[in-house]
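Topology and contacts: notes
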Amino acid sequence: MQQKWYWSAYVTCLLTFGIVSPIKAALFPVLGGLAVYDSGQDITWLANANAGAGSSFDDGSNTIDGRMSWSNANDWAASLEINGFTEWRLPNMDLNGDGTIVDCATASATECLDNEYGYHFYINGIDTVNTGLFDSIQTNNYWSGTGYSESDAWLFDFTYNDGSQLRTSKNYNAHAWAVHEGNIGAVPLPATAGLFVSGLIGILGSAMRKRS
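As the structure is a computational prediction, the values presented were derived from the model and not from experiment. Residue positions are counted from 1 within each chain, in the order its sequence is given. Note on the predicted model: pLDDT of at least 70 is required for a residue's local features to be given, and 80 or more for side-chain atom pairs to be given and counted; whole-chain, interface and lining totals, by contrast, use all residues. Computation of side-chain values covers all heavy atoms of the structure but excludes hydrogens and water.

Between rings of Phe, Tyr and Trp, where Trp is taken as its six-membered ring, a pair exists when centres lie within 6.5 Å; planes separated by under 30 degrees are stacked, by over 60 edge-to-face, and by other angles tilted. For the coordinates displayed, the defined rule picks out 15 aromatic pairs. With a centroid separation of 6.0 Å and an interplanar angle of 85°, the aromatic rings of Tyr148 and Trp154 are classed as edge-to-face. Residue burial is assigned from relative accessible area. The probe radius is 1.4 Å, only protein chains are included, and a residue is buried under 20% of its type maximum, exposed over 50%, and partly exposed in between. Looking at Tyr148, the relative accessible area reads 44%, which means it is partly exposed. A connected cluster of aromatic rings, assembled from ring pairs, spans Trp45, Tyr117, Phe121, Tyr122, Phe134, Tyr142, Phe156, Phe158 and Trp177. Two limits define a charge over a ring: the Lys NZ or Arg CZ must be within 6 Å of the ring centre, and within 35 degrees of the ring normal. Lying across the ring of Tyr148, Arg167 places its NZ or CZ 4.0 Å from the centre.

Structure, rendered in structure tokens:
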């Protein structure tokens, strides 16, 4: 019975200090609501799904409604700085690079992890009606960062009950949504707390061995 208590305390400690996370994936607001952390995919989404509206580009073009070419969409995402965080990008629909775009309408959640847009739509349940923590999700296609050929790239449609994915010319004008690797809203574990946790784990481990 004592051994069960030690193990329970050990796990609770890890969860409390964020060393491990519960298995269930979820969406959490970060940066004061400017972004949303997706724990299932371990990426952070920009909360505004049409933040590119009003942007101007080096080629002399500009966008009023947020639609832009694939090249401009990539440049827009790469130029973002949100609360000091840079290195934003467009979502990837083929993370493993095998050339296959997973259809998340029929794939498992694990298989769907290869398609960031598909996971967001089918697993997170985000669309133009079920917006959750996001705003300005457009009834139109969104550029991914995944190219198909020299002239074409992949798109995703977040319209409610749609979720279609297609490829088209990179010159086509579509909306853009930015993501960032990892949880940019995470608070680093202070050194003192880290030492405390390490010490507690050592004590609990020693006690468990003695009990055994």
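Structurally, the position occupied by Asp94 is in the loop between α2 (70-79) and α3 (109-112). Reaching out from Asp94, the side chain makes a polar contact with the backbone nitrogen of Asp98 at a distance of 3.4 Å. Side-chain atoms alone can form a polar contact between residues adjacent in sequence; in general such a contact is a pair of N or O atoms within 3.5 Å, and within protein one must be able to donate a hydrogen while the other accepts it. Within polar-contact distance, the side chain of Asp94 engages the backbone nitrogen of Gly99 at 2.9 Å. Residues within four places of Asp94 in sequence aside, it is in contact with Gly99, Thr100, Ile101, Asp114 and Thr146. Working definition: helices are DSSP H or I runs of at least four residues, strands are E runs of at least two. Numbering for both runs from the N terminus. By definition, residues are in contact when any of their heavy atoms lie within 4.5 Å.

In this section: the confidence of the model for the protein. With 76% of its residues at a pLDDT of at least 70, the protein reaches an overall mean of 84. Low pLDDT (under 50) marks residues 1-24, which in the prediction has 25 contacts with non-local residues, meaning those over four places away or in another chain. In this model residues 191-197 is a low-confidence stretch, pLDDT under 50, and it forms six contacts with partners more than four residues away in sequence or in other chains. The predictor attaches a confidence to each residue, called pLDDT, with possible values from 0 through 100.

Of all the eight residues making up helix α4 (residues 116-123), six are buried; the element is thus mostly covered by neighbouring parts of the structure. Restricting attention to buried positions, one finds in α4 the residues Glu116, Tyr117, Gly118, Tyr119, His120 and Phe121. Residues of α4 that are buried sit in contact with β2 (35-38), β3 (43-46), α3, β4 (141-147), β5 (152-157) and β8 (179-181). Capping of α4 at its N-terminal end is provided by Asn115; its side-chain oxygen lies 3.3 Å from the backbone amide nitrogen of Tyr117. Just downstream of α4, Gly125 is the residue with a positive phi angle, here 75°.

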